[in-house]
Amino acid sequence: MKFMGIPLNGTISAFQVKLQAKGIKYDAVGSRQLQTGCRCFKGSFSGEKADFYVYYNEKTKVVYRAKAVITCINKEHCDRVYNSFRDMLKTKYADGIPREGEQDGHPTISIIVPDSKLEKTLGYVEMYIGNPQYSFMDELYLHIDYRDIANQRVNQSKNMDDL
């Protein structure tokens, strides 16, 4: 599974170097506000200004998930961006299994991504619109979330070792 053409595996340090080579900047202030096992970045995602969140196992440092979050100024703007990305994702992952739905009054899509031989699942891409933290704000947040299944399972397994 890949995010911005970068495989969702390897260490967070190696992943960060590859993101930075694409012009994505590390956000030290944002990263300090997050839980351990997640780093924050800022940059452009398919032509849209975005915040990026990269998740990795604290012990192994292996990346298993990456997310782009685009801030939209209002519902109409968010709907346009959502529809554009939905069409691009459905084209890119034409062999995948899309599931569309609704969450908090907004559309969602989840695409199960198979390998090139269509024999196993590599991961999935989810996209949804999140509401603002405060009700007086018009901003909405478009989340585009990529997860590698094999590395996510390894992450969960390593965390279970603590129990």
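Scroll up a little and you will see the structure.
Being a predicted model, the structure only gives us computed values, none of them experimental.

Draft legend 1. Region of interest: the sheet that holds strand 3 (residues 25-26). A sheet is described by the order of its strands in space; here eight strands give the open sequence 3-4-5-6-10-9-8-7, paired in antiparallel fashion. In the strand order of this sheet, the two ends are held by strand 3 and strand 7 (97-103), each with one partner. Examined bridge by bridge, strand 4 (residues 38-45) and strand 5 (residues 48-56) share eight bridges and lie antiparallel to one another. For F41, the partnering residue across the bridge sits in strand 5 and is F52. Helix-sheet contacts for helix 3 (residues 75-92) involve strand 4, strand 5, strand 6 (63-72), strand 7, strand 8 (106-114), strand 9 (121-130) and strand 10 (140-148), and the interaxial angle to strand 10 is about 25 degrees.

Draft legend 2. The pattern of salt bridges, seen in detail. What the rule picks out here adds up to seven salt bridges. Between D51 and K42 there is a salt bridge whose closest N-O contact spans 2.7 Å. The class of K42 is partly exposed, set by a relative accessible area of 41%. With a shortest N-O distance of 3.4 Å, R86 and D87 are connected by a salt bridge. Relative accessible area serves as the criterion here: at 43%, D87 is assigned to the partly exposed category. Residues joined in a network through salt bridges with shared partners are D27, K42 and D51.

Draft legend 3. How the structure looks around the environment of K75. Mapped onto the elements of the fold, K75 is located in helix 3. Taking the C-alpha atoms as reference points, K75 and H106, separated by 31 residues in sequence, lie 9.4 Å from one another. Dropping the residues within four chain positions of it, K75 is found in contact with D138 and L140.

Draft legend 4. Inspection of the nonpolar core at higher detail. Residues F3, F15, F45, L142, I144 and Y146 are the most contacted members of the largest nonpolar core, which totals 35 residues. Of all elements in the fold, only helix 1 (12-21), strand 4, strand 5, strand 6, helix 3, strand 8, strand 9 and strand 10 reach the threshold of two or more residues within this core. Look past the residues within four positions of F15 in its chain and what remains in contact with it is F3, I6, P7, L8, V54, V63 and A66. Core analysis: the next-biggest nonpolar cluster, separate from the first, contains six residues, C38, C40, Y53 and Y55 among them.

Parameters and conventions
Residues numbered from 1 in each chain as written. Predicted model: local features only at pLDDT ≥ 70, side-chain atom pairs only at ≥ 80, totals over all residues. Heavy atoms only, no water. Pairing = 2+ DSSP bridges. Helix = DSSP H or I, 4+ residues; strand = E, 2+ residues; numbered from the N terminus. Contact = heavy atoms within 4.5 Å. Axes fitted to C-alpha atoms, helices over the stretch in contact; angles between N-to-C directions. Salt bridge = Lys/Arg side-chain N within 4 Å of Asp/Glu carboxyl O. Buried < 20%, exposed > 50% of the residue type's maximum accessible area, 1.4 Å probe, protein only. Core = buried A, V, L, I, M, F, W, Y, C linked by side-chain atoms within 4.5 Å.

Read these as spatial facts, not as claims about activity.
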